[in-house]
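Below, each chain spelled out in residue letters.
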Amino acid sequence: MDHETRFRIVLVAGFVAMVVITGYHRMRAGATREPLDRRKEGFFILATLRPIALFLYVGVFAYMINPAWMTWSSLPLPEWLRWTGAFVFVIGLAFLTWTLRSLGTNLTDTVVTRKAHTLVTQGPYRWVRHPFYDAMALFILAMALLAANWFMLISGAVVFILLGIRSATEEAHLSERFGEPYQTYRDNTGRFFPKLRSTTR
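Summary of the structure given here. (Residues numbered from 1 in each chain as written. Predicted model: local features only at pLDDT ≥ 70, side-chain atom pairs only at ≥ 80, totals over all residues. Heavy atoms only, no water.)

Topologically, glycine 42 is positioned in the loop between helix H1 (3–29) and helix H2 (43–65). In the structure, glycine 42 is positioned 28 residues away from methionine 70 in sequence and 33 Å away in space, judged by C-alpha atoms. (Helix = DSSP H or I, 4+ residues; strand = E, 2+ residues; numbered from the N terminus.)

Assignment of secondary structure puts phenylalanine 193 in the segment after helix H6 (180–187). Assessed through its relative accessible area of 63%, phenylalanine 193 is described here as exposed. Remark: the alpha-carbon pair of phenylalanine 193 and alanine 137, spanning 56 residues in sequence, is separated by 12 Å. For phenylalanine 193, the contacting residues outside a window of four places in its chain are Trp127 and Val128. (Buried < 20%, exposed > 50% of the residue type's maximum accessible area, 1.4 Å probe, protein only. Contact = heavy atoms within 4.5 Å.)

Here we come to the pattern of salt bridges. This model, assessed by the stated rule, comprises seven salt bridges. Its salt-bridge partner being aspartate 37, residue arginine 39 comes within 3.0 Å of it at the nearest N-O pair. What makes arginine 39 exposed here is its relative accessible area of 66%. Using a relative accessible area of 27% as the deciding quantity, one classes aspartate 37 as partly exposed. Close ionic contact of arginine 166 with glutamate 41 constitutes a salt bridge, the shortest N to O distance being 3.0 Å. Residue arginine 166 is located in helix H5 (residues 150–178), and its partner glutamate 41 is located in the loop between H1 and H2; the two are separated by 125 residues in the primary sequence. Connected through shared salt-bridge partners, Glu41, Arg50 and Arg166 make up one network. (Salt bridge = Lys/Arg side-chain N within 4 Å of Asp/Glu carboxyl O.)

With that settled, consider the packing of aromatic side chains. Throughout the structure, instances matching the rule amount to 12 aromatic pairs. On the numbers, 5.6 Å between centres and 90 degrees between planes, the contact of tryptophan 72 with tryptophan 150 is edge-to-face. Of this pair, tryptophan 72 sits in the loop between H2 and helix H3 (79–103) while tryptophan 150 sits in helix H5, placing them 78 residues apart in sequence. Using a relative accessible area of 52% as the deciding quantity, one classes tryptophan 72 as exposed. The interplanar angle of 55 degrees and the centroid separation of 5.5 Å between the aromatic rings of tryptophan 72 and phenylalanine 151 together place this pair among those described as tilted. Of this pair, tryptophan 72 sits in the loop between H2 and H3 while phenylalanine 151 sits in helix H5, and the two are 79 residues apart along the sequence. Every member of this aromatic cluster is reached through a ring pair, and the members are Phe132, Tyr133, Phe160 and Phe192. Sitting above the plane of the phenylalanine 7 ring, arginine 82 keeps its charged end 3.9 Å from the centroid. (Phe/Tyr/Trp six-rings, centres within 6.5 Å; stacked < 30°, edge-to-face > 60°. Lys NZ or Arg CZ within 6 Å of the ring centre and 35° of its normal.)

This is the structure in structure tokens:
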């Protein structure tokens, strides 16, 4: 078995695990079949986020089927660096599981809240407001490293930037829904990274 096949197998295993974990929690959250209005995301996000994410996944699937199809965007990374992608994948899967268990049935794939939505402040949400997006960033990095592919890295970075833009709309909806408790929560947490609190008073 050549090295590229090993990287491909690890990427496929990690990707399948990511889909299974996310799919399970999405099925649980969507059991009520409550309609969600994705138009609330705004025209710009609707026109860019999912199409670019689709391009990213096309590249990932192409590599998983036949790595030679993605050699046009390969990076000359040393093997040790590529193998760190497997470690990042494991961290991402653990972080994703923690996040989705904490989020429960509040999980949606858009910015609107469910009728029975609750304000989640436990688990990773204790420190950051969008840990799910952080998990996605870890997966993008892991896949780009394992495949040694700049197309996955750049398209994934664009997806994360668009998620960052969308998060502002998401937070506006949460602020409207939960009012002062959410505003207090927002003031005490970071968007994607834990907030550094000053020790001075």
